[in-house]
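Summary of the model geometry
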Amino acid sequence: MINFDYDNRVAVVTGGSSGIGLATVRVLLRSGARVALCARNEGRLNDVLSVLQRDFGNDKVFAKSLSVLEPEEVSSFAKDVENRFGQCDLLVNNAGQGRVSTFADTMDDDWRAEYELKLFSQIYPIRAFQPMLKQANGAIVAVNSLLAYQPEPHMVCTSSARAGVQNLLKSLSIELAPDIRVNSVLLGLVESGQWTRRFAEREDQNQSRSEWYGILAKQKGIPLARLGDPVEAANAIAFLGSTSASYITGAQLEVSGGLSRHI
Ligand code: NDP
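This section reports on the structure supplied with the text. (Residues numbered from 1 in each chain as written. Predicted model: local features only at pLDDT ≥ 70, side-chain atom pairs only at ≥ 80, totals over all residues. Heavy atoms only, no water.)

What about the pattern of salt bridges?
The criterion, for reference: Here, a salt bridge means any Lys or Arg side-chain nitrogen found within 4 Å of an Asp or Glu carboxyl oxygen. Comment: elements are numbered from the N terminus, with helices defined as DSSP H or I runs of at least four residues and strands as E runs of at least two. With a 1.4 Å probe rolled over the protein chains alone, any residue whose accessible area is under 20% of its type maximum counts as buried; one over 50% counts as exposed, and the rest are partly exposed.
Following the criterion strictly, the structure yields eight salt bridges and no others. Of the charged contacts, one joins aspartate 55 and arginine 26 as a salt bridge, the two residues approaching to 2.6 Å between their closest N and O atoms. You can see aspartate 55 sitting in helix H2 (residues 42-56) and its partner arginine 26 sitting in helix H1 (residues 19-30), a full 29 residues away along the chain. With relative accessibility at 29%, the residue arginine 26 sits in the partly exposed group. Arginine 54 is paired through a salt bridge with aspartate 55; the nearest N and O atoms lie 3.0 Å apart. A residue is classified by how much of its surface remains accessible, and arginine 54, at 62% relative accessible area, is exposed.

Focus on the side chain of glutamine 122
Quick reminder of the rule: Two N or O atoms form a polar contact when they lie within 3.5 Å of each other; inside protein one atom must be a possible hydrogen donor and the other a possible acceptor, and for residues adjacent in sequence the pair counts only when both atoms belong to side chains. Residue contacts are counted whenever heavy atoms from the two residues lie within 4.5 Å of one another.
Its place among the elements puts glutamine 122 in helix H4 (residues 108-136). Residue class for glutamine 122 comes out buried when judged on its relative accessible area of 4%. Polar contacts involving the side chain of glutamine 122 include one to the side chain of asparagine 93, which spans 3.0 Å. Not counting residues up to four positions away in its chain, the partners in contact with glutamine 122 are Asn93, Ala142, Val165, Leu168 and Leu169.

As for the environment of serine 171
Structurally, serine 171 can be placed in helix H5 (residues 156-175). In sequence terms serine 171 and glycine 250 are 79 residues apart; their C-alpha atoms lie 8.2 Å from each other.

Regarding the packing of helix H3 (residues 71-85) against H4
Put simply, the test is: Only the stretch in contact is used when a helix axis is fitted, and all axes are lines through C-alpha atoms; the angle between N-to-C directions ranges over 0 to 180 degrees. Just so you know how the angles are binned, under 35 degrees is roughly parallel, over 145 roughly antiparallel, 65 to 115 roughly perpendicular, and the rest oblique. In this scheme the handedness of a crossing depends on how the near helix is turned from the far one: anticlockwise by less than a right angle means left-handed, clockwise means right-handed. Each residue gets one label: Ala, Val, Leu, Ile, Met, Phe, Trp, Tyr, Cys and Pro are nonpolar, Asp, Glu, Lys and Arg are charged, and the others, such as Gly, are polar.
The contact between H3 and H4 brings their axes to 9 Å, and the two run at 25 degrees. What the angle tells us is that H3 and H4 run roughly parallel. Note on packing geometry: the crossing formed by H3 with H4 is right-handed. On the side of H3, the interface is formed by Pro71, Val74, Ser75, Phe77, Ala78, Val81 and Glu82, while H4 contributes Tyr124, Pro125, Ala128, Phe129 and Met132. A class-by-class count of the residues in the contact of H3 with H4 yields 10 nonpolar, one polar and one charged.

Function cannot be read off these values alone, since they describe shape.
Rendered as structure tokens:
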């Protein structure tokens, strides 16, 4: 297990109740940070909060149920974090999910919803936490997908929205410099909530978990021959947010088992 230097630092993780977000919360807490997390489903968030408080202490972690697509809720979350922890050194924009659909079966409202999710899940939290991040000389790490550069026809809408996110982040890495660093991780296939749901809906219900994931990795041509573990994504996020990455901004780090085909 890697530990990063997060002593006396405060991190915010959107979508922290599951998968990569939750793994990131745990890596940051273990590395000494105090962490605030949010997600929409209050029941699941409270269950996660209890476990985190048990493992790391009540004063180390704060959770609030909200959607990152509601600007007032996001602003009020930022105020809560300020009241509770007094600062914010790292914002991890992780909340969201991908959309599986081809051009033929993506309706106008689907396009709008996907663009809203991908862009405003960055815009609202960045706007709300920017003053604290600036004061702390902090960092933003966005969780994005390799689809931004390597689109898939069956994920046409999410791929194009994700390309827009990378473009936005590049602009922000310049506009917010030198006060705030802005970087992203580009994920391939990481075994978490989204894939668990797709596994549950698999065509052949007799297929075991390891069989299904093994076939998937082979079909996708992943050189490392497996899906990633959420902790492997979390480690990359924690690195980019840490002082070890102090001269890195406007960069993207692939966590894909070698799936990318571009140089
Ligand atoms: P999970 O479904 O396991 O976790 C998603 C998290 O985001 C949950 O905590 C969910 O909680 C929260 N969330 C979703 N929408 C919102 C919202 N509007 N406001 C607040 N919280 C929200 O997914 P992963 O861990 O797999 O994915 C994490 C990120 O990584 C996502 O942005 C995803 O698109 C991206 N990604 C993942 C890949 C993978 O292979 N796993 C590949 C490429 C990108 P709740 O539902 O309660 O709100």
